[in-house]
Amino acid sequence: MKVLEFREALREALSEEMRRDPNVFLMGEEVAEYNGAYKVSKGMLAEFGPKRVIDTPIAELGFAGIGVGAAMNGLRPVVEFMTFNFSLVAIDQIINSAAKILSMSGGQYSAPIVFRGPTASAGMLSSQHSQAFENWYANCPGLKVIVPSNGYDAKGLLKFAIRDNDPVIFMESEQMYGDKMEIPEEEYLIPIGVADVKKQGTDVTIVSFGKIMKVALAAAAELEKEGISAEVIDLRTVRPIDYDSIIESVKKTNRLVIVEEAWPLASISSEISFNVQKTLSIIWMRRYAV
């Protein structure tokens, strides 16, 4: 095991996949000469060269479109947004091209591309740079959406995402890039769509993802002091959502609390709440039907 910062875990995932597959490349604003706005790509230009670590103009719509075209022609781009707030400039390419090309081409073209970068609030940023768009992208068929809460998960999920044949939105937190944790020396992958039970419990289920997992785990620790046993589930991905893990937990605890950072209307929380109530209502009606 070795101790790495969150940004270093991401760098390892990118570098390992670029060494493994020459079709993988990284592009975005300041990813090369400047080593990345948050130093995720530090040293990668020296190793892989300017044809595989590419500095782009400040033109998200343009370089996102280049990435989609490259993916359709057999490459595996990783497109970095300096923040996902800037992805709104490129959202037409993400939604109307990357997410839909497999369907629109009748299966002739796929778009194995990863769009990654920081999401949601961070220190001393304005309202235009602090928005959480996980639920926006999770609403779109054709996209997979990953929001890791720690470096271990981030590395395994990013490697899996780069190998995936569908477009993947990979959202990080600016407040987590310096977080440290142990990472295995050996290679590992974490599949998309599998939640992780961070803490076992019997009285209430707490579900979250991304950096808000810190809040969820802290709440569980406080509840433990009061004799309340909380089970804590880290979704890790918000499309697809691992409903099986949530349902099994709620069947045990009979209580569910969902914590996230987005606007409440049409959020991941409201989606999970609806599906859990619907599923459990059906289970209970069948169980107690006369």
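Nothing here was measured: the structure is a model prediction, and the numbers come from that model.

K.L.:
Explain the sheet that holds strand β10 (residues 204–208) here, please?
P.N.:
Two strands in a sheet stick together by hydrogen bonds in their backbones, pointing the same way (parallel) or opposite ways (antiparallel). One open sheet accounts for 4 strands, arranged β9-β11-β10-β13; its pairing is mixed. A single partner strand is all that each edge strand has here, and the edge strands are β9 (196–199) and β13 (256–258). Direction aside, the axes of adjacent strands within the sheet are offset by 25° on average. Two strands pair when backbone bridges link them, and β10 and β13 are joined in this way by 3 bridges, in the parallel orientation. Of the residues in β13, the one forming a bridge with Val 207 is Ile 258.

K.L.:
Honestly, the pattern of salt bridges in this entry has me stumped. Any pointers?
P.N.:
Between side chains of opposite charge, pairing is possible as soon as their charged atoms come close. Counted by the stated rule, this structure contains 26 salt bridges. A salt bridge links Arg 163 to Glu 17, with the nearest nitrogen and oxygen atoms 2.9 Å apart. One end of the pair, Arg 163, is in helix α7 (residues 151–163); the other, Glu 17, is in helix α1 (residues 6–20), with 146 residues separating them in the sequence. Owing to a relative accessible area of 27%, Arg 163 belongs among the partly exposed residues under this scheme. With relative accessibility at 0%, the residue Glu 17 sits in the buried group.

K.L.:
I keep staring at the nonpolar core and nothing clicks. Help me out?
P.N.:
Most often, soluble globular proteins keep nonpolar side chains buried together rather than apart. Core analysis: the biggest nonpolar cluster contains 43 residues, and Phe 81, Phe 115, Tyr 137, Ile 169, Leu 235 and Ile 272 have the highest contact counts within it. Of all the elements in the fold, those that place two or more residues in this core are β2 (24–28), α3 (60–72), α4 (91–98), α6 (134–138), β7 (168–172), α9 (243–253) and α10 (268–288). The dominant element in this core, judged by the number of residues it contributes, is α3, at 5 residues. Ranked by size, the runner-up nonpolar core spans 32 residues in total, among them Leu 14, Ala 161, Met 176 and Ile 183.

K.L.:
Which parts of the structure should I look at to understand α3?
P.N.:
Across its 13 residues, α3 extends 18 Å between first and last C-alpha, which sits within 8% of the 18 Å expected from 1.5 Å per residue. Taken together, the buried positions of α3 are occupied by Glu 60, Phe 63, Ala 64, Gly 67, Val 68, Ala 70 and Ala 71. Viewed along the axis of α3, the buried residues span an arc of 160°, placing them on a single side of the element. Taken together, the buried residues of α3 touch β2, β4 (76–80), α4 and β5 (114–118). One or two residues past the end of α3 sits Gly 74, with phi positive at roughly 105°.

K.L.:
Any chance you could explain a nonpolar patch on the surface here in plain terms?
P.N.:
Taken together, the side chains of Leu 88, Trp 136 and Trp 263 define a hydrophobic patch exposed on the protein surface, amounting to about 310 Å² of accessible area. When you line up the elements, Leu 88 lands in the loop between β4 and α4.

K.L.:
In this structure, what is going on with the sheet that holds β7? I would like to understand it.
P.N.:
One open sheet holds the 7 strands; their spatial order is β3-β2-β4-β5-β7-β6-β12, and the pairing between them is mixed. On the outer flanks of this sheet lie β3 (53–55) and β12 (237–239), each paired with one strand and no other. Put simply, the sheet's adjacent strands are angled 20° from each other on average, direction ignored. Here strand β6 (residues 144–146) runs beside β7; their pairing, made up of 3 bridges, is parallel. Note that in β7 the partner of Ile 146 across the bridge is Phe 170.

K.L.:
What's the story with the pairing of β5 in this structure? I'm lost.
P.N.:
Side-chain positions along a regular strand alternate between the two faces of the sheet. Counting buried positions over the 5 residues of β5 gives 5, a clear majority of the element. In terms of strand pairing, β4 meets β5 through 3 bridges, oriented parallel. Of the residues in β5, the one forming a bridge with Glu 80 is Arg 116. Here β5 pairs with β7 via 5 bridges, running parallel. In the strand pairing of β7, Phe 115 is matched with Ile 169.

K.L.:
Explain unusual backbone geometry to me, please; I cannot follow it from the model alone.
P.N.:
Backbone phi values are negative for most residues with the exception of glycine, while trans is the configuration of most peptide bonds. With an omega of 0°, the peptide bond between Arg 239 and Pro 240 qualifies as cis. Relative to the helices and strands, Pro 240 resides in the loop between β12 and α9. Of note in the backbone geometry, Asn 35 takes a positive phi value of approximately 70° without being a glycine. Tracing the backbone shows Asn 35 in the loop between β2 and α2 (44–48). Note on Asn 35: relative accessible area 24%, which makes it partly exposed. Backbone geometry at Ala 266 places phi at a positive 60°, although glycine is not the residue there. For Ala 266, the position within the fold is in the loop between β13 and α10.

K.L.:
Would you mind showing me how to read the packing of α1 against α7 here?
P.N.:
Two numbers describe a pair of packed helices, the interaxial angle and the distance between the axes. Direction vectors running N to C along α1 and α7 enclose 25°, while the axes themselves pass 8 Å from each other. Here α7 runs roughly parallel to α1, going by the angle between their axes. Relative to α7, the crossing made by α1 is right-handed. Counted together, Phe 6, Ala 9, Leu 10, Glu 12, Ala 13, Leu 14, Glu 16, Glu 17 and Arg 20 of α1 and Gly 151, Ala 154, Lys 155, Leu 158, Lys 159, Ile 162 and Arg 163 of α7 form the full contact between these two elements. Taken together, the residues of the contact of α1 with α7 break down into 8 nonpolar, 1 polar and 7 charged.

Each value, and the rule that gives it
- Residues numbered from 1 in each chain as written.
- Predicted model: local features only at pLDDT ≥ 70, side-chain atom pairs only at ≥ 80, totals over all residues.
- Heavy atoms only, no water.
- Pairing = 2+ DSSP bridges.
- Helix = DSSP H or I, 4+ residues; strand = E, 2+ residues; numbered from the N terminus.
- Axes fitted to C-alpha atoms, helices over the stretch in contact; angles between N-to-C directions.
- Salt bridge = Lys/Arg side-chain N within 4 Å of Asp/Glu carboxyl O.
- Buried < 20%, exposed > 50% of the residue type's maximum accessible area, 1.4 Å probe, protein only.
- Core = buried A, V, L, I, M, F, W, Y, C linked by side-chain atoms within 4.5 Å.
- Expected span 1.5 Å × (residues − 1).
- Arc of directions from axis to C-beta.
- Contact = heavy atoms within 4.5 Å.
- Patch = residues over 30% accessible without salt bridge, like charges linked within 9 Å, V, L, I, M, F, W, Y side chains within 5 Å.
- Areas by Shrake-Rupley, 256 points an atom, 1.4 Å probe, with all protein chains shown as cover.
- Parallel < 35°, antiparallel > 145°, perpendicular 65-115°, else oblique.
- Left-handed = near helix turned anticlockwise from the far one by under 90°.
- Nonpolar A, V, L, I, M, F, W, Y, C, P; charged D, E, K, R; others polar.

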